Amino acid sequence: MSDEPRWLTDHERDAWLALAKLMFNLPSALDAQLLRDSHLTLFDYFVLSGLSMTPGRTMRLSDLASFVSSSLSRLSNVVKRLEQRGLLRRAPDPESPRYTVATLTDAGWDLVVAAAPGHVAAVRHYVIDGLTPSQIDILREVACHVTRQIAAAPESASQPR
């Protein structure tokens, strides 16, 4: 097996650089809209909207961390801040007290409902509008493929092989 890297072709490099630019610019644009209109970051919004879509507006923190693709420690810090704002509350899981659940409060519900139209408009503006249904299918397919590749990678691996 050769130790020579598998360099990107010009075509692959152009696709990678376009994706990298997207990964850096889109979250900033969505953050700016949410901060301006609702005083929420994109991550805050995903936490609150994730809770808003669950039965009882309640989820274990470990499941919520998975939903928002976050470490439990990062999520815990954000949940603490959102709890201080009265947007959610934490409590021991009634089914298994060694776990903690987060529950969206009425104030959190009201904020996420108020924030949703502006967020959706920004997503439409930056991502969806102008794409054909076929391009949207391809976008979803590519995003799911990359997400699966990341999920399948061993966490201890420092470099893909």
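The coordinates are above.
Residues numbered from 1 in each chain as written. Predicted model: local features only at pLDDT ≥ 70, side-chain atom pairs only at ≥ 80, totals over all residues. Heavy atoms only, no water.

## Quick look at the side chain of Ser 38
In step 1: Counting through the fold element by element, Ser 38 comes out in helix 1 (residues 10-38).
In step 2: Sequence-distant contacts of Ser 38, defined by excluding residues within four places in its chain, comprise Arg 85, Leu 111 and Ala 115. (Helix = DSSP H or I, 4+ residues; strand = E, 2+ residues; numbered from the N terminus. Contact = heavy atoms within 4.5 Å.)

## Remarks on unusual backbone geometry
In step 1: Phi at Arg 57 is positive, roughly 50°, even though this residue is not glycine.
In step 2: Mapped onto the secondary structure, Arg 57 falls in the loop between helix 2 (42-52) and strand 1 (58-60).
In step 3: For Arg 57, a relative accessible area of 26% gives the class partly exposed.
In step 4: Even without being a glycine, Ser 69 presents a positive backbone phi close to 55°.
In step 5: Among the secondary structure elements, Ser 69 is positioned in the loop between helix 3 (61-67) and helix 4 (72-84). (Buried < 20%, exposed > 50% of the residue type's maximum accessible area, 1.4 Å probe, protein only.)

## Section: the packing of aromatic side chains
In step 1: Applying the stated criterion across every chain yields a total of one aromatic pair.
In step 2: Seen from their ring centres, Tyr 45 and Phe 46 are 6.4 Å apart, and the 90° between their planes marks the pair as edge-to-face.
In step 3: In this structure Phe 46 comes out as partly exposed when scored by relative accessible area, which is 38%.
In step 4: Over the ring of Tyr 99 we find Arg 60, and its NZ or CZ is 3.9 Å from the ring centre. (Phe/Tyr/Trp six-rings, centres within 6.5 Å; stacked < 30°, edge-to-face > 60°. Lys NZ or Arg CZ within 6 Å of the ring centre and 35° of its normal.)

## Comments concerning the pattern of salt bridges
In step 1: Scanning the model with the defined rule gives seven salt bridges in all.
In step 2: With a shortest N-O distance of 3.0 Å, Asp 10 and Arg 13 are connected by a salt bridge. On the criterion of helical spacing, the pair formed by Asp 10 and Arg 13 is a turn pair, its members being three residues apart in helix 1.
In step 3: Asp 10 sits in the exposed class, given a relative accessible area of 53%.
In step 4: Here Arg 36 and Asp 37 are joined by a salt bridge, their closest N and O atoms 3.1 Å apart. (Salt bridge = Lys/Arg side-chain N within 4 Å of Asp/Glu carboxyl O.)

## What to know about the sheet that holds strand 2 (residues 88-92)
In step 1: Taking strand neighbours across the sheet as the criterion, the three strands line up as 1-3-2 in an open arrangement whose pairing is antiparallel. Looking at strand neighbours, the two that pair on one side only are strand 1 and strand 2, the edges of this open sheet. The mean angle between the axes of side-by-side strands here comes to 25°, regardless of whether they run parallel or antiparallel. (Pairing = 2+ DSSP bridges. Axes fitted to C-alpha atoms, helices over the stretch in contact; angles between N-to-C directions.)

## Digging into the nonpolar core
A general tendency of soluble globular proteins is for nonpolar side chains to be buried together.
In step 1: Val 47, Leu 48, Leu 64 and Leu 75 are the most contacted members of the largest nonpolar core, which has 26 residues in total.
In step 2: Those residues in contact with Leu 75 that lie beyond four places of it in its chain are Phe 43, Val 47, Leu 61, Leu 64, Ala 65, Val 68 and Ser 70. (Core = buried A, V, L, I, M, F, W, Y, C linked by side-chain atoms within 4.5 Å.)

## A short note on the pairing of strand 3 (residues 100-104)
In step 1: A large share of strand 3 lies buried, amounting to four of its five residues.
In step 2: Bridge count for strand 1 against strand 3 is three bridges, and the pairing is antiparallel. Bridge pairing in strand 3 links Met 59 to Ala 102.

## Section: the side chain of Asp 93
In step 1: Mapped onto the fold, Asp 93 is located in the loop between strand 2 and strand 3.
In step 2: We classify Asp 93 as buried; its relative accessible area is 6%.
In step 3: Those residues within four positions of Asp 93 in sequence are excluded, and the remaining contacts are Arg 60, Tyr 99, Thr 100 and Val 101.

## Overview of helix 4
In step 1: A rise of 1.5 Å per residue sets the reference length of helix 4, with its 13 residues, at 18 Å; its end C-alpha atoms lie 18 Å apart and thus fit the reference within 8%.
In step 2: Listed in full, the buried residues belonging to helix 4 are Leu 75, Val 78, Val 79 and Leu 82. Along the axis of helix 4, the buried positions cluster into a sector of 105°, meaning they face one direction only. Turned more than 90 degrees away from the buried face of helix 4 sit Ser 73, Asn 77 and Gln 84, all of them exposed.
In step 3: Buried-residue contacts for helix 4 involve helix 2, helix 3 and strand 2.
In step 4: In the stretch just after helix 4, Gly 86 is the one whose phi turns positive, near 80°. (Expected span 1.5 Å × (residues − 1). Arc of directions from axis to C-beta.)

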